[in-house]
Amino acid sequence: MMKKRSIVLFVFLLLIVFKSEDLHAQQDAQYTQYMYNTISVNPAYAGSRGQLSMAALYRTQWVGLDGAPETFTVNLHSPIRNSNLGYGISIVNDAIGNGTVAETYLDGDVSYTIDVGVDKKLSFGLKVGGKMFNLDYLKLQQRTNNPGQIEAFDNIDNRFNINFGAGVYYHTNKFYAGLSVPNFLETEHFDNSQQNNDSSPFLSKERLNFYFITGYVFDIGSDLKFKPAFLSKVVQGAPLQLDFSANFMFNDRFTFGAAYRWDAALSGLVGFQINDQVTVGLAYDKETTELGGTQFNDGSFEVFLRLELVKSFKKLVSPRFF
C-alpha cells in the first residue's frame, strides 16, 4: 500500500511538471546550501575566492518517496594569475523517477573583476553551455498500476540544447550580493500538438530563472561569526522561491545553523573546516507542506565537499562563508 501511494504521488508530480496546460515552466535544481554553490547560478562568482576552488554537492529529495528527485553537482573555478579574469566549469545532473526524466548540464564561465574600493570588488560574468535532456515514457507507464492511463509519446533521447547566461557579483570581506540569469533561452523540449494535431499541447518548456543572492558576516566575538544569507528565485509560471538561512561559525572551523524555504521547508545545516583546504557539510530539510506530513517522506538530505586546490593566489584572511 505504501509503495502504491508513493508511485501514484510520483506520477501526479511528474504530470504536473510536464502536462500543465497553463504552467509550462521548469525550474532549475534547488539547493539548501546555495551559499557553497553560487558558481552554478552566477558566472560572475568565478574566481572570487582568490584561489582554485572545487565543490561537489549531492541532494536526495523527499527520501522515502519512490522516484523522488536526485541532484549531483560538481564545479571548479579560479582566478587567472596577473589578470582581472576568472573562469569556471559546472556539471549538474538532475533526475526524477529513477531515470524517467534526466537532465545533465555542462557550463563554462568567465568573469571580469574590477576594484571599486578598498577590499571591494565588482564582477561581471558570462555563462555558455548546454543541457542533455532525456524523457522515457515507457518507464512512466511501467510505474503505474494502469499503464493505459498514461498516453504514449515518443521518448526524448539525449536531446542537446545550447544556452547562455550572465550575472553580476559584488563582494567585500564581509558582504556579498549577486544577480543573475543562468539561462536566457526558453527551450521547448517537446510539443505533442505537431504529432497528433491536439489542441492541448503536451509541453515541457524552460523559463528564465532570475536569481538574487546576498549575505553578510558579523563578528560576534573573537571566535564566533554570524552569517545571515538570502536567496530568491523568480520564474514565470512557478511559485516564488525565497530561502533564508542563518549560520554561525565557531573558531573558524565549525559551522551550524538553520534555514527556511518560504512555504516549503525548514532545514538544519552543519559544516566543518577540516583544514585550510577541505570543508564538508550536511543539510536536512523537512517539508512544511502537506507532502511533509506523509509517512513516506522522510525529508531531504544534502551533502557537500569543498576543496581549495591551490593554497592561495591572494591570501584569505580566514576561512570564508562565501
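Rules of the game
Residues numbered from 1 in each chain as written. Predicted model: local features only at pLDDT ≥ 70, side-chain atom pairs only at ≥ 80, totals over all residues. Heavy atoms only, no water. Phe/Tyr/Trp six-rings, centres within 6.5 Å; stacked < 30°, edge-to-face > 60°. Helix = DSSP H or I, 4+ residues; strand = E, 2+ residues; numbered from the N terminus. Buried < 20%, exposed > 50% of the residue type's maximum accessible area, 1.4 Å probe, protein only. pLDDT = per-residue confidence, 0-100. Contact = heavy atoms within 4.5 Å. Pairing = 2+ DSSP bridges. Polar contact = N/O pair within 3.5 Å; in protein donor to acceptor, adjacent residues only side chain to side chain.

## Some thoughts on the packing of aromatic side chains
The way to describe two aromatic rings as a pair is by their centre distance and the angle between their planes.
Item 1. Summed over all chains, the structure comprises 16 aromatic pairs.
Item 2. Judged by centre distance (4.8 Å) and plane angle (35°), the rings of Phe-226 and Phe-248 are tilted. Placement of the pair is Phe-226 in strand E13 (residues 224-235) and Phe-248 in strand E14 (residues 241-250), with a sequence separation of 22 residues.
Item 3. Given the relative accessible area of 27%, Phe-248 is considered partly exposed.
Item 4. Between Phe-254 and Phe-256 the ring centres are 5.5 Å apart and the planes differ by 25°, which places this aromatic pair in the stacked class.
Item 5. Judged by relative accessible area, which is 33%, Phe-256 ranks as partly exposed.
Item 6. Site record: aromatic cluster; members linked through ring pairs are Tyr-170, Phe-175, Tyr-216, Phe-218, Phe-226, Phe-248, Phe-254 and Phe-256.

## Describing the confidence of the model for the chain
Detailed reading of the predicted coordinates is not advisable wherever pLDDT falls low.
Item 1. For the chain, the mean per-residue pLDDT works out to 81, and 75% of the residues sit at or above 70.
Item 2. For residues 1-9, every residue scores under 50 in pLDDT, and the model assigns this stretch 14 contacts once sequence neighbours within four places are set aside.
Item 3. Taken together, the stretch residues 198-202 has pLDDT below 50 and engages in 11 contacts with residues farther than four places along the chain or on a different chain.

## Points about the pairing of E14
Item 1. Two elements, E13 and E14, share 10 bridges in a ladder whose sense is antiparallel. What sits directly across from Lys-233, in E14, is Gln-241.
Item 2. As consecutive antiparallel partners, E13 and E14 are separated by five residues, and within that stretch Gly-237 has a phi angle of approximately 85°, a positive value.
Item 3. One ladder, built from eight bridges, connects E14 with strand E15 (residues 254-261); its direction is antiparallel. The partner of Asn-247 across the bridge, within E15, is Gly-257.
Item 4. Here E14 folds back onto E15, and the loop between the two strands holds three residues, one of which, Asn-251, carries a positive phi near 60°.

## Brief notes about the environment of Ser-111
Item 1. Relative to the helices and strands, Ser-111 is located in strand E5 (residues 101-117).
Item 2. Of note is the side chain of Ser-111, whose polar atom sits 2.7 Å from the backbone oxygen of Ala-46.

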